[in-house]
Amino acid sequence: MTLQTELDAGLAALDLPLTATARTRLLRYIALMAKWNAVYNLTAIREESRMLTHHLLDALSVERFLPEGAKLADIGSGGGVPGIPLAIARSDLDVVSIEPNSKKASFQQQVRIDLGLENFDVQTARAEAVTLPEGCDFIISRAFGDLADFIKVAGHLLKPGGHMLAMKGVYPDEEVRAIPKGWSLLRSEELQVPGVEGARHLLWLARELQSDG
């Protein structure tokens, strides 16, 4: 089975129809990741087929939750996951990746240039040092750390009424119990990722509403 066939099957399973241009960009992204990985150590996964399932399709499994025109910040995305696949699939999204590792950020910049992703930008910085005056509708992370740390370093980037989205494997009971005061878990969605075994969850976090009383 070719990567093209695997991609088409995965997108069909996710019920995510994409243009031929978007599909070509997704495959090009995988090729660039495989090429740069030998030098920059972007991921422990070496096979392009597993990059497709465990990175690309995993990222795209959350696409259906993002409303049109949303501004999204991806925190500590390493090789650009989930931000780059989401930016490719959804040209209406405004995606910024915040990645402190300069080599990984350089790779993401190269992907942006090579693929012509006008809706994707990269900031080489730690999230806690970044200011986005307009704020973001969503802050997402796939491999940042526990929920408390995620909120601590990136919560300030969120617009009022916005949501933090944490992509997790097994439901993290202990992390949920340790969510900081002033924040709450709104809901958890179980994700089904084609070609990926094991549990996957998307946790929605938000600031608690302050009472006027």
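A. A look at the overall build of the chain. Looking only at helices and strands, the chain has 7 helices and 7 strands in total. Taking 17 Å as the expected radius of gyration for a compact globule of 213 residues, we find that the chain reaches 17 Å, a close match to that expectation. Within the span of the chain, comprising 213 residues, buried residues form 50% of the whole. Here the analysis covers contacts within the chain between residues at least 6 apart in sequence; of these, 67% occur between residues at least 24 apart. Total accessible area computed for the chain in this model is approximately 10,200 Å², and 48% of it derives from carbon and sulfur atoms. Side chains of the chain give 22 positive and 28 negative charges; the mean places of these two sets differ by 4 Å.

B. Layout of the nonpolar core. Counting 50 residues, the largest nonpolar core has Tyr29 and Leu60 as the members making the most contacts within it. With 8 residues, the top contributor of residues to this core is helix H2 (residues 20–40). Leaving out residues up to four positions away in the same chain, Tyr29 has contacts with Leu56, Gly79, Gly80, Val81, Ile84, Pro85, Ile88, Phe107, Val111 and Leu115. Among the nonpolar cores identified, the runner-up in size contains 23 residues, and Ala73, Val130, Ile139 and Val176 belong to it.

C. Structural view of the packing of aromatic side chains. If you walk through the whole model with that rule in mind, you get 6 aromatic pairs. When the ring of Phe65 is compared with that of Trp204, the centres are 6.0 Å apart and the planes differ by 80°; the resulting orientation is edge-to-face. Taken as a pair, Phe65 in the loop between helix H3 (48–60) and strand E1 (71–75) and Trp204 in strand E7 (residues 201–207) lie far apart in primary sequence, 139 residues in all. The same class applies to Phe65 and to Trp204, which are both buried. Relative to Phe150, the ring of Phe144 lies with its centre 6.1 Å away and its plane at 45°, an arrangement referred to as tilted. Note on Phe144: relative accessible area 31%, which makes it partly exposed. Phe150 gets classed as buried once you look at its relative accessible area, which sits at 2%. An aromatic cluster is present here, built from Tyr29, Trp36, Tyr40 and Phe107 joined pairwise through their rings. A cation sits over an aromatic face here: Arg187 above Trp204, 3.8 Å from the ring centre.

D. Focus on the pairing of strand E4 (residues 136–141). With respect to burial, E4 is a largely interior element, 5 of its 6 residues being buried. Both E1 and E4 contribute to a ladder of 3 bridges, which runs parallel. When the bridges of E4 are listed, Ala73 appears paired with Ile139. Where the polypeptide runs from E4 across helix H6 (residues 147–154) and back to strand E5 (residues 158–168), its parallel neighbour, the crossover connection is right-handed.

E. Fine view of the pattern of salt bridges. Taken as a whole and judged by the stated rule, the model has 13 salt bridges. Here Asp114 and Arg28 are joined by a salt bridge, their closest N and O atoms 3.9 Å apart. Here the residue Asp114 occupies a position in helix H5 (residues 102–115), and Arg28 occupies one in helix H2, the gap between them amounting to 86 residues. Notably, a salt bridge pairs Asp137 with Lys159, separated by 3.4 Å at the nearest N-O pair. Residue Asp137 is found in strand E4, and its partner Lys159 is found in strand E5; the two are separated by 22 residues along the sequence. You can call Lys159 partly exposed: its relative accessible area is 29%. Three or more residues are tied together by salt bridges with common partners; here these are Asp58, Arg142 and Arg200.

The rules behind these values
- Along each chain, the written sequence defines residue order, and numbers are assigned to residues from 1.
- With pLDDT at 70 or above as the cut-off, local features in this predicted model cover only qualifying residues; side-chain atom pairs require 80 or more to be listed or tallied, and sums for whole chains, interfaces and linings still use all residues.
- Note: side-chain values were computed over all heavy atoms of the structure, leaving out hydrogens and water.
- Strands here mean DSSP runs of E at least two residues long; helices mean DSSP runs of H or I at least four residues long; both are numbered from the N terminus.
- The reference for a compact globule is 2.2 Å times residues^0.38; the radius of gyration itself is calculated from the C-alpha atoms.
- Exposure categories follow from relative accessible area, calculated using a 1.4 Å probe and restricted to protein chains: below 20% of the type maximum is buried, above 50% is exposed, and the middle band is partly exposed.
- Contacts: residue pairs with any heavy atoms within 4.5 Å of one another.
- Accessible areas in this description were obtained via Shrake-Rupley with a 1.4 Å probe; residue shielding takes into account the shown protein chains only.
- In this tally, Lys and Arg are treated as positive and Asp and Glu as negative; His is ignored, and so are the chain termini.
- Just so you know, the charge point we use is NZ for Lys, CZ for Arg, CG for Asp and CD for Glu.
- Buried residues of nine kinds, namely Ala, Val, Leu, Ile, Met, Phe, Trp, Tyr and Cys, make up a nonpolar core once their side-chain atoms join them within 4.5 Å.
- In this scheme Phe, Tyr and Trp rings, the latter by its six-membered ring, pair at centre separations within 6.5 Å, and the angle between planes marks the pair as stacked below 30 degrees, edge-to-face above 60, and tilted otherwise.
- Only when the NZ atom of a Lys or the CZ atom of an Arg is both within 6 Å of the ring centre and within 35 degrees of the ring normal do we say a charge sits over the ring.
- In this analysis, strands are considered paired if DSSP registers two or more bridges between them.
- Consider the strands pointing away from the viewer: the crossover is right-handed when the path from the first strand over the helix to the second runs clockwise.
- Salt bridge, as used here, is a side-chain nitrogen of Lys or Arg placed within 4 Å of a carboxyl oxygen of Asp or Glu.

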